[in-house]
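Examining the three-dimensional arrangement
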Amino acid sequence: MELRVERDALADAVGWTARSLPARPPMQVLLGLLLEAGADGLEVSGFDYEVSSRVRLDVLADEPGRVLVPGRLLSDIVRSLPAQPVVLRVEGTRVVLTCGPARFTLPTLPVEDYPALPAMPETAGTLGADVFAAAVAQVALAAGRDDTLPVLTGVRFEIEGETLTLAATDRYRLAVRTLPWRPGALDISTTALVPARTLAETARALTSAPEVTLALSSRSSGASEGMIGFEGGGRRTTSRLLEGEFPKYRSLLPSESSAVAEVATSPFVDAVKRVALVAARNAPVRLGFSADGVVLEAGGADDAQASEQLDCVWEGPSSSEPFSIAFNPQYLLDGLGAVDSDTTTLSFTGPTRPAVLTGKRADAADSSAGAAADSSGADYRYLLMPVRLSG
C-alpha cells in the first residue's frame with residue numbers, strides 16, 4: 001500500500017485522533033492509529049474501548065490497505081515535517097514516510113489484533129457546530145474532576161422535542177444551558193450522561209463543520225450499552241455513556257430572588273482577579289452589595305488585604321448594612337467568563353444560599369431582534385454556592 005497526502009491535512013487528522021489515545025492501555029495495540037486506505041480516501045482511527053475517533057481525508061492511494069502505526073510517534077513526526085506532500089508506503093512490517101528530504105521508518109503493530117470500532121448509533125438530530133461548541137464550553141466547566149464520583153464528571157443531555165438542555169455540576173456550582181436544535185423526530189424524549197472531557201474536546205474539534213450530527217443509543221433501545229456519537233466535517237467520535245443517577249438539579253434553581261445586582265462583566269472580572277491576588281489558598285473573595293455599588297474584599301487581618309469598589313445596579317434590601325456574600329474566586333471567574341454577556345446579572349435569595357449568574361435581563365422594551373441576539377445569555381444559568389464566612 002502506498003498513498004500520497006497533503007502534509008497539513010495528515011497532521012490535522014493524525015493529531016486530532018492521537019489525542020484520544022490512552023496513556024496506559026490494557027493492550028499495546030490500542031497505542032496505535034489505524035490507517036485504512038480505500039476508494040473513498042484515507043480513514044484515520046483511534047479507539048480505547050471507551051472513546052473512538054475517526055476522520056476521513058482525500059488521498060491518492062495505489063491500492064486499498066490497512067496498517068496500524070504507533071499513534072503519538074506518528075503525530076509527532078507528521079507535525080514536524082516540512083510543508084510538502086507526504087508519501088506513506090508499507091514495506092512488510094514497516095511504514096516509510098517521505099516528505100521532501102525527510103524520511104522516517106516506523107514499526108507497525110499487529111493490525112489483526114486491533115478491536116473493531118463501534119458503529120455510529122442512530123441519528124437523533126442536528127445543530128449548528130459553533131452553537132454546540134459554545135454551549136458545551138459553558139456547561140462542561142462545572143463538571144467534576146474526581147473520578148471516584150463518575151456521575152459528576154459528566155454532562156447531562158436532556159432532549160425534549162426541539163429543545164436540548166445541557167447540565168453539569170461538581171456540587172459547588174451548577175451550569176445549565178438550554179438551546180434549540182433539529183431533532184430527527186419531534187416526539188423524541190430522552191436523556192444521556194456524557195463524559196465531560198470527551199464532550200468538550202469533541203465539540204471544539206467539530207467547529208470546522210457547519211453542523212454537528214448527534215447520534216444516540218441506550219440499553220432501553222435494545223443496544224448492549226449506552227453510546228453517543230458526534231459527526232461533522234469528516235470527523236466522527238463515539239463515546240460510552242456514564243451510568244448512575246445524575247443529581248436532580250432543577251430543584252436547586254430558585255424560582256424567585258430577593259435581591260438582584262447587575263454589573264458590567266469585564267470590569268468585574270478584572271476586579272476579582274486583582275483582589276484575589278491576596279487571597280490565601282481556598283480563601284474566598286467577599287462581595288458587599290448596596291445602592292452605592294459593590295465592594296470586593298480579600299485577605300485577613302494579619303495578611304495582605306485588598307478591596308475595590310465598582311458601580312452596579314442593585315435591587316435589594318435598602319438597609320444601612322450591605323448585602324454580603326463570599327465566593328471561591330476561580331469558580332466566580334469561571335461563571336463570569338461563561339455568561340457571555342457585557343453585563344452579568346447576579347440573583348440572590350440569601351447570603352448563605354446559592355447565587356445564580358445569567359446574562360443581562362431582557363427589558364420589555366427590547367426588540368425581538370435584540371432579545372434573539374442575547375439568547376445565549378438568557379438560556380444560560382450558572383449557580384454558585386457561597387463560602388460561609390466565620391463570625
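Since the structure is predicted, the reported quantities are computational estimates derived from the model, not experimental observations.

Procedures and definitions
Residues numbered from 1 in each chain as written. Predicted model: local features only at pLDDT ≥ 70, side-chain atom pairs only at ≥ 80, totals over all residues. Heavy atoms only, no water. Helix = DSSP H or I, 4+ residues; strand = E, 2+ residues; numbered from the N terminus. Buried < 20%, exposed > 50% of the residue type's maximum accessible area, 1.4 Å probe, protein only. Contact = heavy atoms within 4.5 Å. Areas by Shrake-Rupley, 256 points an atom, 1.4 Å probe, with all protein chains shown as cover. Lys, Arg positive; Asp, Glu negative; His and termini not counted. Charge placed at Lys NZ, Arg CZ, Asp CG, Glu CD. Salt bridge = Lys/Arg side-chain N within 4 Å of Asp/Glu carboxyl O. Polar contact = N/O pair within 3.5 Å; in protein donor to acceptor, adjacent residues only side chain to side chain. Axes fitted to C-alpha atoms, helices over the stretch in contact; angles between N-to-C directions. Parallel < 35°, antiparallel > 145°, perpendicular 65-115°, else oblique. Left-handed = near helix turned anticlockwise from the far one by under 90°. Nonpolar A, V, L, I, M, F, W, Y, C, P; charged D, E, K, R; others polar. 1 Å grid on protein atoms, 1.4 Å probe; cavity = no way out; pocket = protein on both sides within 12 Å on 5 of 7 lines; lining within 4 Å. Points joined across faces, edges and corners; volume = space filled by probe spheres on them. Pairing = 2+ DSSP bridges. Phe/Tyr/Trp six-rings, centres within 6.5 Å; stacked < 30°, edge-to-face > 60°.

A look at the overall build of the chain
When helices and strands are tallied, the chain shows eight helices and 27 strands. Expressed as a percentage of its 391 residues, the buried residues of the chain come to 50%. For the chain, restricting intrachain contacts to residue pairs at least 6 apart in sequence, the fraction spanning at least 24 positions comes to 68%. Surface summary for the chain: the accessible area is close to 19100 Å², and the carbon and sulfur share equals 49%. Taking the average location of the 35 positive side-chain charges in the chain and that of its 49 negative ones, the two points are 5 Å from each other.

Looking at the side chain of Arg177
Its location among the elements puts Arg177 in strand 13 (residues 173-180). For Arg177, which is buried and forms no salt bridge, the nearest opposite charge comes from Asp379, at a distance of 5.2 Å. A distance of 2.7 Å separates polar atoms of two side chains, one belonging to Arg177 and the other to Gln138.

A short note on the packing of helix 5 (residues 265-275) against helix 6 (residues 329-339)
In contact at an axis separation of 10 Å, helix 5 and helix 6 are set at 160 degrees when each is read in the N-to-C sense. Classed by the angle they form, the pair helix 5 and helix 6 counts as roughly antiparallel. The crossing of helix 5 and helix 6 is left-handed. Touching Thr265, Phe268, Val269, Val272 and Lys273 of helix 5 are Pro329, Leu332, Leu333 and Leu336, all from helix 6. Residue classes in the contact of helix 5 with helix 6 are distributed as seven nonpolar, one polar and one charged.

A look at the layout of surface pockets
For the largest pocket, the calculated volume is near 940 Å³. For the largest pocket, the lining is made up of 32 residues, of which Pro195, Ala196, Arg197, Thr198 and Glu201 are closest to its centre. Within the residue set of the lining of the largest pocket, elements represented by two or more residues are strand 4 (51-57), helix 3 (129-140), helix 4 (196-205) and strand 18 (235-240). Here the lining of the largest pocket gets seven residues from one element, more than from any other, and that element is helix 4. Of the residues in the lining of the largest pocket, the class split is 15 nonpolar, eight polar and nine charged.

Considerations on the pairing of strand 22 (residues 305-310)
Here strand 21 (residues 293-299) pairs with strand 22 via six bridges, running antiparallel. The partner of Gly299 across the bridge, within strand 22, is Gln305. What sits between strand 21 and strand 22 in their antiparallel hairpin is a turn of five residues.

Notes on the packing of aromatic side chains
Enumeration over the complete set of coordinates arrives at ten aromatic pairs. Ring geometry for Phe157 versus Phe230: centroids 6.4 Å apart, planes at 50 degrees, classification tilted. Of this pair, Phe157 sits in strand 11 (residues 154-160) while Phe230 sits in strand 17 (residues 227-232); the two residues are 73 residues apart in sequence, bridging distant segments of the chain. By relative accessible area, Phe230 is classed as buried at 3%. Each ring, one from Trp314 and one from Phe348, has its centre 6.2 Å from the other, and the planes form 50 degrees; the classification is tilted. Residue Trp314 is found in strand 23 (residues 313-315), and its partner Phe348 is found in strand 25 (residues 343-348); the two are separated by 34 residues along the sequence.

Quick notes on the sheet that holds strand 18
Strand order in this open sheet of nine strands is 6-2-3-4-18-17-16-10-14, and the pairing throughout is antiparallel. Each edge of the open sheet carries a strand with a single partner, namely strand 6 (65-70) and strand 14 (182-183). By the bridge criterion, two bridges tie strand 10 (residues 123-128) to strand 14 in an arrangement that is antiparallel. Residue pairing for strand 14: Gly125 is matched across the bridge by Pro183. Relative to the sheet, helix 1 (residues 7-18) contacts strand 2 (32-38), strand 3 (41-47), strand 4 and strand 18, its axis offset from that of strand 4 by approximately 175 degrees. Across the sheet, helix 3 is in contact with strand 10, strand 16 (211-217) and strand 17; its angle to strand 10 comes to roughly 95 degrees.

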